[in-house]
Structure formats: C-alpha cells, structure tokens
Amino acid sequence: MTMHDIYLLSPELSLAGLATLALLVDLIVKRKSYLFVLTTVGLVVPLGFTLALLGSLDGTGMVENQGVLRDTLVVDKFALFFKLLLISVVAIVSLMSTDYVKRFEQFRTEFLVLLLYSATGMMLMASTKELITIYIALELSALPVAALAAFMRDGRSAESGLKFLILSGISSALLLYGMVLIFGLTGATQLDDIAERVASLAINTDEPFGSYALLMGVVLMVAGFGFKITAFPFQMWAPDVYEGAPTPVTAFLSVASKAAGFAVILRVFYSAFGIEELSVEWSAIFAVLAALSMTIGNLVAIAQRSLKRLLAYSTIAHAGYIMVGLAAVSTRTVSGDPSLGISAVLFYLSGYALMNLAVFSAVIAISNRINSDAISDFAGMARRAPYLSAVLAFGLVSLTGIPPTVGFIAKVYVFGAAIDAGLEWLVIIGVLNSVIAAYYYLRIVKLMYLSEPPSTDSIESGIPLRLVMLVTSAGVLFFGLYPTGLLNFVKSAAQVLLSTS
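Please read these numbers as outputs of a predicted model, since none were measured by experiment. (Residues numbered from 1 in each chain as written. Predicted model: local features only at pLDDT ≥ 70, side-chain atom pairs only at ≥ 80, totals over all residues. Heavy atoms only, no water.)

**Student:** Tell me what's going on with empty space enclosed by the protein, and back it up with residues and numbers.
**Tutor:** In this structure the tally under the stated criterion is two cavities of 30 Å³ or more. There is about 90 Å³ of room inside the largest cavity. Along its surface, the largest cavity is lined by 13 residues, and Leu 138, Ser 168, Ser 171, Phe 227 and Lys 228 are the ones closest to its centre. Per-element tally for the lining of the largest cavity: the top contributor is helix 8 (residues 155–186), with five residues. Classifying every residue of the lining of the largest cavity gives seven nonpolar, five polar and one charged. Each pocket or cavity is described by its volume, and for the second largest cavity that value is around 40 Å³. Around the second largest cavity, the lining residues are Val 222, Phe 225, Gly 226, Ile 229, Ala 231, Ile 265, Phe 269, Phe 286, Leu 289 and Met 323. (1 Å grid on protein atoms, 1.4 Å probe; cavity = no way out; pocket = protein on both sides within 12 Å on 5 of 7 lines; lining within 4 Å. Points joined across faces, edges and corners; volume = space filled by probe spheres on them. Helix = DSSP H or I, 4+ residues; strand = E, 2+ residues; numbered from the N terminus. Nonpolar A, V, L, I, M, F, W, Y, C, P; charged D, E, K, R; others polar.)

As structure tokens, this is what we get:
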C-alpha cells in the first residue's frame with residue numbers, strides 16, 4: 001500500500017485514530033470532561049483530510065486511484081459529500097452528549113469511542129464499490145450502535161440493544177444472501193463488473209428483472225438496506241430502539257445511519273443495476289416502499305404518547321419521502337436531467353440532518369431536566385424554557401415542511417423530481433402524508449405554547465447544547481432561504497455518481 005492509498009483512506013483512518021487516541025487519553029487523564037473537547041476538536045483532522053481530498057478532485061470529480069484499493073474504494077465528490085455530512089453529525093452529537101453522559105459517567109469514554117468507530121464504518125460505506133467491502137463496512141457501523149443502544153443499562157435500554165443486535169444480524173444475513181445470489185449470477189463482486197455482466201445477460205422480458213435469480217438477489221439486498229434506512233416493512237426495530245437507547249444515540253441513528261444507508265443504496269443501484277431495463281424495475285420497488293413508509297409512519301405516529309417513539313415513526317415517514325427521490329430514476333425524466341432524483345435525495349438528507357438534530361438537541365435539554373419523554377409533560381414548556389421550546393417548535397415546523405425552512409425546500413425538490421419522472425401518484429400520496437404529519441407535529445407545538453405547565457420551574461441547558469441548537473436552527477433557516485449553494489453542491493455530486501455508473 002502506497003502513501004497515496006493511505007491518503008485516500010485518510011478521513012476514515014484519522015477518525016479511527018481519534019477513537020484510539022481517546023481510549024489512550026482515558027487511561028492517563030482523570031477529568032473525563034476533557035475527552036469531549038478532544039473529540040470535537042480532533043474532528044478537525046478528518047475534516048481537513050476530507051477537504052483536502054475535495055481539493056484533489058480531477059475534472060471528472062474523482063481522486064485518482066490506481067493503487068491496491070482501485071477495485072474496492074472510490075473517492076469522488078459523491079463520497080466526500082457523505083463524509084462531510086457524517087463528520088458534521090458526529091461533531092454535533094458529541095456536543096449534545098456533554099450533559100447527557102453524566103447518566104453513565106463511568107463509561108463516557110467508551111460512548112465516544114463507539115460513536116467514532118460506527119461513524120468510520122458509515123464513511124467507508126459511502127466510498128466502497130465492492131460487495132464484500134460494503135458488507136464489512138456495514139457491520140463496522142452497526143455493531144458499535146448495538147452497544148450504544150444498551151448504554152443506559154436498564155431494562156428498556158438493554159432490550160433496545162438486544163433487539164437492534166438481533167434484527168441487525170437478520171438484516172445482514174438477508175443482505176449477504178442477496179449478494180451471494182448476485183455473485184452467483186454474475187461471477188463478480190465489484191459493482192462496475194456486475195453492471196457489465198448484467199448488461200451482457202439476455203434479458204427475458206417475461207420475467208421481472210429478466211431473471212428470477214436477479215430479482216431475488218435485488219429484493220434481498222433491498223430488505224437488508226431497508227433495515228438501515230428504517231423503511232417499511234423493515235422498520236420494526238426503530239420504535240423500541242429509539243425509545244430505550246440514550247437520546248444522543250437515537251439522534252445519531254436517525255440521521256447518520258439513514259445517510260449512510262442511502263449512500264450505499266445509491267452507489268449499488270446506480271452503479272450495478274443502472275441499465276434502463278433494470279432501473280425501471282427497481283424504481284417501482286422503491287416507489288411502493290416510499291408510499292408505504294410515508295403512510296404507515298405518519299399514521300402510527302399520531303397514536304404515540306412518547307416523543308421519542310413519535311420521532312421514530314417520523315423517521316420512517318421521512319425515509320419514505322427520501323425514497324421518492326430514489327424512485328425518480330434517470331430513464332424516465334422529462335427534463336433530461338438524469339441527476340435530479342439523486343440530488344433530491346442528497347439535499348433532503350442534508351436538510352433532514354439539520355432539522356432532526358435541532359429537534360433532538362431541544363428534547364435532550366428538556367427531558368434531562370424533567371426526566372420524561374412523555375409528550376404530555378411538554379405542556380406549557382414555552383413558559384418554562386422559551387428558548388428550548390422555540391428551537392423544538394422550529395424544528396418540528398421544518399419537519400412538517402412549512403416555509404421558510406429547509407424542510408419545505410427539501411420536499412419541494414424531491415416531489416419535483418418525482419413529477420419530472422412521471423410519478424404524480426406518488427407525489428399526491430406524499431402531499432397527503434405531509435398534511436397528516438402536520439397534525440402530530442403541530443399538536444406538540446400547540447401543547448407547548450397553549451397548555452398550562454404542570455410546574456413553573458425554569459429549565460436551563462448547558463453551553464454545548466445551546467451552541468448545537470443555535471447552529472442547527474440557523475442552518476434550517478439559512479438553507480430554507482438560500483438553498484442555492486447546497487443545491488449546486490449536491491447536483492455536482494449526483495452527476496459524478498452517474499458519470500461513474
């Protein structure tokens with residue numbers, strides 16, 4: 001392996017190195033609070049390497065890779081977009097955990113280390129272009145999360161960790177079976193080689209996907225990846241895990257895991273199965289899953305009494321909105337822009353990260369003081385914590401899709417891509433589901449501002465949490481008013497993915 005190969009892996013290596021350094025510092029330093037400062041400041045190193053790789057892109061939007069990693073790793077603008085997103089999420093989750101980790105003071109270092117190792121696997125998922133490497137990266141991201149979910153060491157937390165571990169194992173087995181079928185049919189594990197072999201196969205128009213073996217392989221892979229993005233009907237783990245896990249872990253799962261899942265889905269399906277005959281087939285699968293995820297997620301969310309469970313069903317619904325962009329494949333667009341669906345997915349993921357982290361930061365600040373996640377206990381919260389309530393309300397308004405927030409722009413963009421692809425029926429379902437979502441999101445806002453509080457005690461939050469709320473809320477507003485810069489970045493990243501497919 002040459003220095004250039006190490007340079008290509010430098011964001012992941014530096015992030016894993018930061019986790020190892022935190023473990024070593026823990027053995028020396030007695031004041032563990034310094035570890036959060038070390039982690040947050042240390043993230044500048046993988047961020048710097050990612051920006052350096054971004055500056056090393058050639059005219060095709062890729063970094064030259066002719067070394068030993070050329071068949072397994074691709075460093076392009078698409079992958080670097082997700083690396084930047086994941087590093088930002090880790091920094092925000094680390095800051096919002098500063099006060100929360102006092103609940104498990106003895107294991108705060110392990111909490112940070114597992115968070116960093118999981119993020120390392122997720123960053124690898126965005127860059128891998130070979131099935132075995134994808135599977136290894138996915139397991140590296142999932143196993144630390146199972147431990148993180150059980151960190152509270154009570155009954156509910158232990159249940160959430162065990163449930164995530166078991167169901168994650170089942171989904172990994174399904175994914176692996178799908179990969180084995182694809183390998184058996186094509187004799188290849190590298191995505192570009194799979195695309196060539198699939199294109200050379202005689203397509204039988206009487207069979208879906210031209211081959212029942214290919215159909216079964218794709219379906220099993222969709223099931224495995226569906227667990228990662230909490231898409232219906234693979235979402236059964238989310239409500240219990242979200243409720244029992246520490247709230248910062250829930251925030252990390254809802255944003256980072258979803259981003260990594262969509263990164264690998266886009267890479268696999270556009271690179272390996274991007275020919276016209278197949279893209280029409282799998283786009284139909286994602287269109288149906290999008291409609292079901294939106295509808296089931298929003299309808300079940302209405303009945304929830306716990307805010308964390310409500311946000312779990314909310315993330316299922318938002319997985320459906322994002323899959324609308326997946327369904328808008330390039331072969332059916334009217335405008336002739338083949339990257340519209342992909343760029344809509346990338347923009348939605350960015351906006352969703354900002355608004356969801358804003359909501360979770362406010363929830364952490366409030367629930368830490370009242371020791372409850374029940375929605376009813378947020379009654380009159382605007383009088384007890386005006387700033388926290390404003391951030392929570394603003395985040396919920398953005399999740400609803402009301403202007404001038406980034407949530408509104410994200411939904412307009414993804415629904416526009418679907419209309420351009422001739423999926424008007426899916427857009428109608430999406431708009432109706434947005435109306436349903438407005439009911440349970442705005443019900444919380446109404447409860448905070450119009451109901452009588454059970455107590456008049458004020459609720460304060462620490463400086464790191466306030467900083468997170470300020471940054472995420474400002475981002476929600478800024479990209480809602482001025483989305484052009486982010487839109488241009490995601491469009492160029494999407495075009496790079498298509499050019500390498």
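Moving on, there is more to tell.
**Student:** I'd like a rundown of unusual backbone geometry, residues and numbers included.
**Tutor:** The amide bond that connects Phe 232 to the next residue, Pro 233, takes the cis arrangement and shows omega of 5°. Structurally, Pro 233 is set in the loop between helix 10 (212–228) and helix 11 (238–244). In this chain, Pro 403 is followed by Pro 404 through a cis amide linkage whose omega measures 5°. Tracing the chain through its elements places Pro 404 in the loop between helix 17 (386–400) and helix 18 (406–420). The backbone phi angle of Asn 371 is positive, close to 55°, even though this residue is not glycine. Along the chain, Asn 371 turns up in the loop between helix 15 (340–370) and helix 16 (381–384).

**Student:** Requested: an account of helix 19 (residues 424–450), with residues and values cited.
**Tutor:** Helix length check: helix 19, at 27 residues, gives a terminal C-alpha distance of 38 Å against a target of 39 Å (1.5 Å per residue), a fit within 8%. Among all positions in helix 19, only Leu 426, Val 427, Gly 430, Asn 433, Ser 434, Ala 437, Ala 438, Tyr 440, Tyr 441, Ile 444, Val 445 and Met 448 are buried. Tucked inside the fold, the buried residues of helix 19 contact helix 13 (276–302), helix 14 (307–327), helix 16, helix 17 and helix 18. (Expected span 1.5 Å × (residues − 1). Buried < 20%, exposed > 50% of the residue type's maximum accessible area, 1.4 Å probe, protein only. Contact = heavy atoms within 4.5 Å.)

**Student:** Outline the environment of Ile 194, listing residues and values.
**Tutor:** Positionally, Ile 194 belongs in helix 9 (residues 191–200). With sequence-adjacent residues up to four places away left out, Ile 194 is seen in contact with Leu 131, Ile 182, Thr 186, Ala 188, Thr 189, Ala 272 and Phe 273.

**Student:** Can you lay out the packing of aromatic side chains for me, pointing to particular residues and giving the numbers?
**Tutor:** For any pair of aromatic rings, the description rests on two quantities: the centre-to-centre distance and the angle between the ring planes. Going through the model one piece at a time under the given rule, you end up with 19 aromatic pairs. Between Trp 282 and Phe 286, the ring centres sit 5.9 Å apart and the planes meet at 85°, which makes this aromatic pair edge-to-face. Of this pair, Trp 282 and Phe 286 both sit in helix 13, four residues apart, roughly one helical turn. Like Phe 286, Trp 282 is buried. (Phe/Tyr/Trp six-rings, centres within 6.5 Å; stacked < 30°, edge-to-face > 60°.)

**Student:** Could you give an account of the environment of Met 469, with specific residues and numbers?
**Tutor:** Among the secondary structure elements, Met 469 is positioned in helix 20 (residues 463–481). Sequence separation between Met 469 and Leu 357 is 112 residues, and the spatial gap between their C-alpha atoms is 8.1 Å. Contact partners of Met 469, with chain neighbours within four places excluded, come to Ser 361, Ala 362, Ala 365, Tyr 387, Leu 388, Val 391 and Ser 461.

**Student:** Help me get a handle on a nonpolar patch on the surface, residues and values and all.
**Tutor:** A contiguous nonpolar surface patch, about 530 Å² in accessible area, is contributed by Leu 143, Leu 162, Leu 165, Ile 166, Ile 170 and Leu 174. Broken down by element, the residue count for the nonpolar patch peaks at five residues, all from helix 8. By the secondary structure assignment, Leu 165 is in helix 8. (Patch = residues over 30% accessible without salt bridge, like charges linked within 9 Å, V, L, I, M, F, W, Y side chains within 5 Å. Areas by Shrake-Rupley, 256 points an atom, 1.4 Å probe, with all protein chains shown as cover. Salt bridge = Lys/Arg side-chain N within 4 Å of Asp/Glu carboxyl O.)

**Student:** Outline the packing of helix 13 against helix 19, supporting the account with residue identities and numerical values.
**Tutor:** Here helix 13 crosses helix 19 at 20°, and the two axes come no closer than 9 Å. The pairing of helix 13 with helix 19 is recorded here as roughly parallel in orientation. Crossing of helix 13 over helix 19 shows left-handed handedness. Along the contact surface, helix 13 presents Ala 287, Ala 290, Ala 291, Met 294, Thr 295, Asn 298, Leu 299, Ala 301 and Ile 302, while helix 19 presents Trp 425, Leu 426, Ile 429, Gly 430, Asn 433, Ile 436, Ala 437, Tyr 439, Tyr 440 and Arg 443. The class makeup of the residues in the contact of helix 13 with helix 19 is 14 nonpolar, four polar and one charged. (Axes fitted to C-alpha atoms, helices over the stretch in contact; angles between N-to-C directions. Parallel < 35°, antiparallel > 145°, perpendicular 65-115°, else oblique. Left-handed = near helix turned anticlockwise from the far one by under 90°.)

**Student:** I'd like a rundown of the layout of surface pockets, residues and numbers included.
**Tutor:** Quantified by volume, the largest pocket comes out at close to 350 Å³. Around the largest pocket sit 15 residues that line it, and Leu 85, Ser 88, Ser 350, Leu 354 and Phe 479 are the ones nearest its centre. Elements that contribute at least two residues to the lining of the largest pocket include exactly helix 5 (77–96), helix 15, helix 20 and helix 21 (484–499). Ranked by residues supplied to the lining of the largest pocket, first place goes to helix 5 with six residues. Taken together, the residues of the lining of the largest pocket sort by class into twelve nonpolar, three polar and no charged. If you trace the second largest pocket, you find 15 residues lining it, with Tyr 100, Arg 103, Met 152, Arg 156 and Asp 373 closest to the centre. The set of elements that each furnish at least two residues to the lining of the second largest pocket consists of helix 8 and helix 11. Its residues assigned to classes, the lining of the second largest pocket shows three nonpolar, six polar and six charged.

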